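So the chains spell out like this:
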Amino acid sequence: MSEPEEVLKGEQRDGSKKKKKKKKKEDKKGEKKEEEEEKREEEGQVQVEEEECESVLLHGIFKVGKKSHDVLLTRTRLTWTPIIPENPTSEVSLLQPGVVLLQDVFAVKVKRRRAAGQQSGGPVLGVALFCCRRRGQKLEEDTLHLHNASAEHTNIWYNTLKELLTGFSRRPRYLKVFINPSSHKKEAVHIYREHVAPLFKMADIRTDITVTDKKGHGLSVMKECKLDEFDGVVCVGGDGSVAELCHALVLRAQLDANSPAKLVKPVLPLGIIPAGSTDVVSCSVHGVRDPVTATLHIVLGHLQQVDMCSFSSLGQLVRFGFSAMFGFGGQCLARAEKKRWMPSSRRREYALVKTLARLRPEDCQLSFLPAKKSNYTLFRQRDQDQDQDPESDGEESWTTSQGLYLSISIMSIPCLSPHAPRGLAPNTSLANGSASLIAVGNACRSEFIKHLKRYSGSTGQFSFSFVETHAVSAVKIRPRSLIGWSEEESEEEGDSKTTPIIQSEGAAFPWNIDGELVEIANEVLIRVHPRLITLYGEEVDEAESAVSCSCI
C-alpha cells in the first residue's frame, strides 16, 4: 500500500471518529433538551395547579366584627381585608388580611335570626365557619362570622364552601364509637357527651355507639361487626381500651384476609379520645391529654401511620400492641392490679413504692435482632403501602446475652405521657420501622431510682453504665427458670438483691403490655411490624408535662 493511500485512510478514520463524537455530543444535547423540556412541563403543570388552587372562586363583601371586609375565596383559603374609605390627605396604609386555610375548617353553617323557641326559618344573617386553631400541641375550636343580610349572596357562599369541604376525602362521615364507662374516674361518657359529640354533630359525622360493659367486649364486637360501612373507629377510654381495640382492628384484618402469611394492615383508622389515667398512646399522637384536640384530629382527618409489635409465645400469638415491660414494669402492674379498690393515682404510687422496696432482678436470656440502619430514612422518605417484613431478616445474626435484669422494655412508639414528656423511649418514633429496646441491668436501688426520676426531665435517663439501648426489629426474652436453675444460686435467701423474684419452675411471669397485665410462663418473641396501623393524629416530639408523683 502506497503512502498516499495510507494517509487517505488515516484521514477517513479521523473523520469518522470526529463524526461519532459529534453524534454523541448531539445526542447528549438532545437528551439534555428533552430533560429540560420535561422539567419545564412539570413546572408548568405545578404552576397551573397552583394557579387553579389560588384562582378566586368568590369575591364579596361581608361584615367581620363591626367593620366591612373584602372577602376572597380560593380552593385552599379564605382571606378578608378591611375596607377603608379613601382619604386624599392621609397616607395609604397597607393592612394585613386575615387568613384561614380550608384544611382547618371542619364545618360551615348559615346564620339566622330566630325568636325564642323557633326551631327553623328566620331571616339570614350570614355564614359561620367553624375552624381549628393551634396553640402549641392543643387544637382549639374557633368560629369566623361573615355577616351579610342577602339570602342569595349567603347561599352562594355557603354552597361553594360546603362543596370545597367535601373534597377532603380523608375526613370521616360515619364512625364506630366504643365508650368504656369504667375507665379512670368513670368520666368517659361525660367526656363524649360534653366535648366529642357536639363537634361530631357540627361536622355532620354520623356515629354508631357501643358502651362496653366488660373487658373484651370491644374485641368481641369488632370480630362480628360489619366494618365496610364505617370510615373509622373511635375509642373513648384509657390505655387498656385503646390496646384492646388496636389488637381487635389488626386481628380482624387478618381474619378477613384468611390469616395470611404476611400481616395485613387494617383499612380503618382508629381515633383515640383520652379518658384514662396516663393515656400513653393518645399523648404519643396528640401531645396532650385533651379530648377536644383528639376530636379535631379525627374531624379534620389527620392520619398517622404507626408501627406495632406482635407478642407470641411457643408459636402462638398472645396479642398485638405498642409496648411491653418485663421485670420492674410487669411487677408494678401486677401489684397494682391486686389493689383495684384504691383510687388510680394512689394505687399506682403504692405499687411503685412496694416494688422498689422489694426490688429484685430477673435472671433471663435476652436476644435481639438489630434494626437495619436504613430503616429510619426509608420509612421517613416513602409513604407507600408496602413495608419490610421483619421475619425476612433471617440472614442477620441475633445478639444474645444472659444475666440479671431489673427491667426490660420494648417500645415501638415513644410512649409520651405527662410524667415522661420526652417519652419512655425517646430514641424511637411512631413510624421508623423499629422498636427501642431498653435493658436495665442489675444495680443498687438508689441508682435505679435515679434512672427512673430522669424520665421526668429531658435527657440523662440512659447515661448509666447498667442501662443499654438498641434499635431492634425483633426481641426474644427467655426467663432463667426455663433454662435451668443451679443449686448454688437458689440457696440464697429472698432478701438478697441478686435473687430473682420468681424462682419456681414454669411459674407465670408478669408482663405489662400496653398497660394490661399479661402472665406468660415461657419464652416471648416480639416482632416489629412497620406502619401496621393508622391512628388519627400526628408525629409529636414532646408531650405537655405535668408534676409527677413525689413518692420517689
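Anyway, here's the lowdown on the structure attached to this text. (Residues numbered from 1 in each chain as written. Predicted model: local features only at pLDDT ≥ 70, side-chain atom pairs only at ≥ 80, totals over all residues. Heavy atoms only, no water.)

The number of helices and strands found in the chain is 13 helices and 21 strands. Taking all 552 residues of the chain together, the buried fraction comes to 45%. Within the chain, contacts between residues at least 6 apart in sequence are counted, and of these 72% link residues at least 24 apart. (Helix = DSSP H or I, 4+ residues; strand = E, 2+ residues; numbered from the N terminus. Buried < 20%, exposed > 50% of the residue type's maximum accessible area, 1.4 Å probe, protein only. Contact = heavy atoms within 4.5 Å.)

Moving on: unusual backbone geometry. With a phi angle near 55°, D279 is a residue other than glycine that sits in the positive phi range. As for its position among the elements, D279 is in the loop between β11 (270-274) and α6 (280-286). In this structure D279 comes out as buried when scored by relative accessible area, which is 2%. Residues other than glycine seldom take positive phi values, yet R531 does so here, at roughly 50°. Looking at the secondary structure, you find R531 in strand β21 (residues 524-536).

Attention shifts here to the environment of T469. In this fold, T469 is placed in strand β18 (residues 467-479). We classify T469 as partly exposed; its relative accessible area is 30%. Separated by 29 residues in sequence, T469 and V440 place their C-alpha atoms 8.8 Å apart. Not counting residues within four places of it along the chain, the set of residues in contact with T469 comprises N427, L437, I438 and F462.

Scanning all chains against the criterion turns up eight aromatic pairs. Their ring planes at 40° and their centres at 4.7 Å tell us that Y174 and F230 sit as a pair that is tilted. Separated by 56 residues along the polypeptide, Y174 in strand β8 (residues 174-179) and F230 in the loop between α4 (217-224) and β10 (232-237) bring together distant segments of the chain. Here Y174 matches F230 in class, with each residue buried. Look at Y455 and F462: their rings are 6.2 Å apart centre to centre, the planes differ by 85°, and that puts the pair in the edge-to-face class. Members of the aromatic cluster, connected to one another through ring pairs, are F326, F509 and W511. Over the aromatic face of F178 sits the side chain of K176, whose NZ or CZ is 5.4 Å from the ring centroid. The ring of Y174 carries R206 above its face, with NZ or CZ at 4.0 Å from the centroid. (Phe/Tyr/Trp six-rings, centres within 6.5 Å; stacked < 30°, edge-to-face > 60°. Lys NZ or Arg CZ within 6 Å of the ring centre and 35° of its normal.)

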